[in-house]
Amino acid sequence: MSDFPSKARVVIIGGGVVGTSSLYHLAKKGWTDCVLLEKNELTAGSTWHAAGNVPTFSTSWAIMNMQRYSTELYARLGDEVDYPMGYHQSGSIRLARSKERVQEFERALSMGRYQGIPMELWTPEETKERYPFLETHDLEAVLYDPTDGDIDPAQLTQALAKGARDMGQKILRFCPATGVTQKEDKTWIVHTDKGEIACDYVVNAAGYYAQRVGEWFKPYGGRTVPMMVMSHQYLLTEEIPEIEGWSKANGGKKLPLLRDVDISYYLRQEKHGYNLGPYEPNCKAHWETDADPMPDDFSFQLWSDDLDRIEDIVTDAMERVPLMATSGISRVINGPIPYAPDGLPLIGPMPGVENAFENCVFTFGIAQGGGAGKVLAEWIVDGHTEWDMWAVDPRRYTDYTDHDYCVKKGMEVYGNEYAMHFPHHEWPAARDKKLSPVHDRVVASGGVMGAYNGWERANWFAKDGDDTSLAATHTWGRSGPWEQRVKEECEAVRDHCGVLDLPGFSRFRVKGKGAAEWLNGLTASRLPSPGRVGLAYFSDERGRIVTEMSVFTYSDEEFTLITAATAQWHDSEILRNALPADGSIELTDHTREYNCLIVTGPKSRDIFEAMGAEADLQAKWLTFQDATVAGIACKLARVSFAGELGWEIHAPMAEMPALYDAVIAAGAKPFGMYALNSLRLEKGYRAWKGDLSTDYSLLEGGLERFVKLDKPQVFPGKAAIQSEKQQGVKKSFVTLKVDAGEADAPYMSCIWHGSKIVGETTSGGWGYRVNASIALGMVTAELAAPGTELEVEIYGAKHHAVVQEDQPMWDPNNERLRA
């Protein structure tokens, strides 16, 4: 090939809607020397058989942002690139049969309103007027989204491809990538049968082949891509005269796309018939065993029909829209759809591999493809994204996502595609991937467990007779079998002493000459002196919050850094990617080697004395020491995320059973993560990727006391923070006391001042020590003054709220912590 490119800035592997969108958006950002490789024709994978629905609905802020952007892009793309597309913004209706479903809709409507999506909540009667073929007798309400609709996936992909080509990008069809080689300078050679392409970055956008492509990167630090493949069917009916008549009478409009989310299907007008797409609980995975291997090429292929699986849902749909029963089935589509364990795609840096990215495993690739291209281009070109995209970051999964886990979770997500994600509900599939050494003891004590980066932790402790069924968690409210127990756990920490087994803290050791200077060049904070513990905050070049780490300083040449369990691979990369090339700094991960017990409460000193602790129990707050507790050598840190007198016991995994038994025998009461969340809210302590996200700067996040602009090191974001400080912040972090009803404010609830949205909550819950509902959040800076009266919208209802003083609501002077 005379025009075969031997060099490119970026090579994208995969020519579906996501790959072409990535290529298009890289060009829009000025990178026009990129190449896309497709093994067959464009759209040959999941894109070609996709139904093409384009919703904005989501209860994830990041996903809604991405899908909203897609709708905005698709509305203008045809004219922009001069490629006509079949894009119909017909609107959609979602049916609610229960109060809980209406609450979910109200939450999505509120988020949509904040993002400029004009959703509406309709009565059944209003719905019947707009959709006359619908049975509405058992409905509570209907959510209408006028921006929803459908698009032809092939035309969309070709339009994105044309736009990219017009800006200078190259697309090589029938040119499969066959492997990659990383050079010493961390750039790449991408191998094909037609030649090699040298490039700076590689993107895995290979759809349901993403796992196979991902294996090429293992020699360079990669891992097996966490995914599986589902068999998804939808069927097309023959034409129905009544639909044709309705469309003609309404100026050629299409009926709104209907989603019966409690039965789990969508029903869309297709020409003058229907397209029915079910998500059946008795679903089927493909290519999951050696007996059903993934073929080398499944381009433009489908599986045989399997209508028995979806028969019940088809029957329900015919009862909901009787008109559907008057027509026969003209075609059934049964094709592969990739699923990550949580049903969300992988967009961002490839874990463990420099200069490689992922934009793959899309369950709803047509709806998310536009936004995904934008996000991916920002990651590569800018090194960060406009919106915090942790929800889809590939690093959210670590070392527990084996094949069994991915298959079980993928099937669970598919079979519950439209399920409500209640705040106290824990999905049961593929659990117990990583266990604490005292897991059996915790469960025997009544621990009701939750998974945190694969680690099992107790959320709360049940007593005999408490309802621990999954059905009991199907509520948006705080009230449930856990409420009294969480209250008791918080009171035990307040009045006596509690113990929390906390496996899975991400734990890194930094060692080497110049380690202090190196760390000071990464964090905006000042490192604690030897023997002390401190919080360090890391920002990006915009001064936005990247992460928070607890720093244990042994000397100027040795530190332990502890971060959130879910941050393990994310924070590891921050540190590893900044290591000096001369090898002077050693970074090691000890997450699986050590465990932590939080022992906290006003009687915690008595508990340690009862255990015969050989330690200085009068050592000051924010110090740590080598100690012996119950005859076991450990490290004691005088810190408490619960905001009471207390210590963290850090010790090797093997020593934890004896330590836990000793703490319990001395009188400490077990408490769980729900109680810890309540306790930390009362202190105003931030949670990672809720209160601490790249949507906010360090100054907006109320963290100025941790930012040391006077230190000599030039850390990432220092100039941006200096500029922001001079100009003043636009948003400010606040603690709100909320006159909440049955439910506390969830993440990203709208904050109102009069008739205007002025901010959003970042977390919320009930404080059992202060006996109030608390929300942490961001508001426009002029409304952050203590005493300002605002309203927080919680599941559709506005609740009076008051901005609190810039101090903890509980123990504002930290007297109990310092006791």
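Data block above holds the structure.
First things first, this report covers the structure right here in the doc. Since we're looking at a predicted model, the values are computed, not measured. (Residues numbered from 1 in each chain as written. Predicted model: local features only at pLDDT ≥ 70, side-chain atom pairs only at ≥ 80, totals over all residues. Heavy atoms only, no water.)

## Topic: the sheet that holds strand β23 (residues 506–511)
The line we're drawing: Here the rule is simple: two strands pair whenever DSSP picks up at least two bridges between them. The helix and strand labels rest on DSSP assignments: H or I over at least four residues marks a helix, E over at least two residues marks a strand, and numbering proceeds from the N terminus. To get an axis, fit a line to the C-alpha atoms, keeping to the stretch in contact for a helix; angles then go from 0 to 180 degrees between the N-to-C directions. By the convention used here, residues are in contact when the closest approach between their heavy atoms is within 4.5 Å.
Taken in spatial order, the five strands line up as β24-β25-β26-β23-β27 in an open sheet, and their pairing is antiparallel. Two strands bound the open sheet, and with one partner strand each, they are β24 (533–539) and β27 (586–589). Shown here is a sheet whose adjacent strand axes are inclined to one another by a mean of 30°, direction ignored. One ladder, built from seven bridges, connects β24 with strand β25 (residues 545–555); its direction is antiparallel. Within β25, the residue paired with V533 across the bridge is F552. On the sheet, helix α15 (residues 568–576) packs against β23, β24, β25, β26 (558–563) and β27 and is oriented at approximately 70° with respect to β25.

## Considering unusual backbone geometry
Despite not being glycine, D432 shows a phi value in the positive range, around 60°. Tracing the chain through its elements places D432 in the loop between α11 (403–415) and α12 (439–444).

## What about helix α6 (residues 153–166)?
Residues lying three or four places apart along an α-helix face the same way, a consequence of the helix completing one turn every 3.6 residues. Note the threshold: What a helix should span is 1.5 Å times the count of its residues minus one. Remark: exposure states derive from per-residue accessible area (1.4 Å probe, protein chains only) relative to the maximum for the residue type, with buried under 20%, exposed over 50%, and partly exposed in between. Polar contact criterion, stated in full: a pair of N or O atoms within 3.5 Å, where within protein one must be able to donate a hydrogen and the other to accept it, and residues adjacent in sequence count only if both atoms are side-chain atoms.
The end-to-end C-alpha distance of α6, which contains 14 residues, comes to 20 Å, matching closely the 20 Å that a straight helix rising 1.5 Å per residue would cover. Buried residues of α6: P153, L156, T157, A159, L160, A161, G163 and A164, and no others. Where the residues of α6 are buried, they touch α1 (17–28), α2 (46–49), α3 (61–81), β7 (150–151), β8 (170–172) and α10 (365–382). N-cap assignment for α6: the residue whose side-chain oxygen lies 2.9 Å from the backbone N of A154 is D152.

## Details of the layout of surface pockets
Spelled out, the test is: Of the grid points, spaced at 1 Å and generated over the protein atoms alone, those admitting a 1.4 Å probe that cannot get out make up cavities, while open sets with protein on both sides within 12 Å along at least five of seven lines make up pockets; any residue with an atom within 4 Å of a point is treated as lining. Grid points are joined across faces, edges and corners, and a volume is the space filled by probe spheres set on the points. Note on residue categories: nonpolar means Ala, Val, Leu, Ile, Met, Phe, Trp, Tyr, Cys or Pro, charged means Asp, Glu, Lys or Arg, and polar means any other residue, Gly included.
If you add up the space inside the second largest pocket, you get close to 990 Å³. Lining the second largest pocket are 35 residues, and of these W379, G383, R395, I574 and N577 lie nearest its centre. Secondary-structure elements contributing two or more residues to the lining of the second largest pocket are β19 (356–360), α10, β24 and α15. Element by element, the count of residues in the lining of the second largest pocket is highest for α15, at four residues. Residues belonging to the lining of the second largest pocket are distributed by class as follows: 16 nonpolar, eight polar and 11 charged.

## Some remarks on a negative patch on the surface
Just so we agree on the cut-off: Residues forming no salt bridge and having over 30% relative accessible area are the ones grouped into patches, like charges within 9 Å of each other and nonpolar side chains (Val, Leu, Ile, Met, Phe, Trp, Tyr) within 5 Å. Method for areas: the Shrake-Rupley scheme with a 1.4 Å probe, in which residue coverage is limited to the protein chains shown. A carboxyl oxygen of Asp or Glu within 4 Å of a side-chain nitrogen of Lys or Arg is what we treat as a salt bridge. Positive: Lys, Arg. Negative: Asp, Glu. His and the chain ends are not part of the count. Throughout, a charge is located at the NZ atom of Lys, the CZ atom of Arg, the CG atom of Asp or the CD atom of Glu.
Where like charges cluster on the molecular surface, the negative patch consists of E120, E125, E126 and E129. Looking at the negative patch element by element, the count peaks at three residues for helix α5 (residues 124–130). Take E120: it is sitting in strand β5 (residues 120–122). Classification of E120 as partly exposed rests on a relative accessible area of 37%.

## Concerning the pattern of salt bridges
Enumeration according to the criterion identifies 56 salt bridges in this entry. Here R509 ties to E558 by a salt bridge, and the two come within 2.7 Å at their closest N and O atoms. With R509 in strand β23 and E558 in strand β26, the pair connects residues that are 49 residues apart, well separated along the chain. In this structure R509 comes out as partly exposed when scored by relative accessible area, which is 24%. The partner of E644 in a salt bridge is R769, and the shortest N-O contact between them spans 2.8 Å. A residue pair is termed long-range when its members are at least 10 positions apart, and E644 in the loop between β30 (632–637) and β31 (646–652) and R769 in the loop between β35 (756–767) and β36 (772–780) qualify at 125 residues. Side by side, E644 and R769 carry an identical accessibility label, which is buried.

## A few points about the pairing of strand β14 (residues 265–270)
Of all six residues that make up β14, five are buried, and the element is covered over most of its length. Across three bridges, the pairing between strand β13 (residues 257–260) and β14 is antiparallel. Among the inter-strand pairings, D260 is bridged to a residue of β14, identified as Y265. Pairing of β14 with strand β15 (residues 273–278), which is carried by six bridges, proceeds in the antiparallel orientation. Across the sheet, residue Y265 finds its bridge partner in β15, namely P278. Counting the residues between successive antiparallel strands, the hairpin from β14 to β15 contains two residues, one of them, K271, with a positive phi of roughly 55°.

## Some remarks on the nonpolar core
Let me state the cut-off plainly: By convention a nonpolar core is built from buried Ala, Val, Leu, Ile, Met, Phe, Trp, Tyr and Cys residues, the set being connected through side-chain atoms within 4.5 Å.
By size, the foremost hydrophobic cluster in this structure holds 52 residues, and its most contacted members are M230, Y266, Y339, L698 and L703. The element that contributes the greatest number of residues to this core is helix α4 (residues 99–115), accounting for five residues. Counting residues in hydrophobic clusters, the runner-up holds 46 residues, among them V10, W31, M85 and V375.

## Thoughts on the environment of T187
Along the polypeptide, T187 turns up in the loop between β9 (177–182) and β10 (188–192). You can call T187 buried: its relative accessible area is 15%. Between the C-alpha atoms of T187 and V202, which are 15 residues apart in sequence, the distance is 8.9 Å.

## A few points about the side chain of E358
For E358, the location among the structural elements is in strand β19. Side chain to side chain, E358 and R223 meet in a polar contact 2.5 Å long. With near-sequence residues (within four places) excluded, E358 lies in contact with N204, R223, V225, L346, I347, G348, M350, P351, L376 and P394.

## Things to note about the packing of α3 against α4
What counts, and what does not: Throughout, the term roughly parallel applies to angles under 35 degrees, roughly antiparallel to angles over 145, roughly perpendicular to angles from 65 to 115, and oblique to all others. By the definition used in this description, the sense in which the near helix is turned from the far one sets the handedness, with an anticlockwise turn below a right angle giving left-handed and a clockwise turn giving right-handed.
For the pair α3 and α4, interaxial distance at closest approach is 11 Å and the crossing angle is 55°. Taken together, the axes of α3 and α4 lie oblique to each other. Helix-helix and strand crossings are classified by hand; for α3 and α4 the assignment is right-handed. Residues W61, M64, N65 and R68 of α3 form the contact with α4, whose participating residues are A108, M111, G112, Y114 and Q115. For the contact of α3 with α4, a count of residues per class yields five nonpolar, three polar and one charged.

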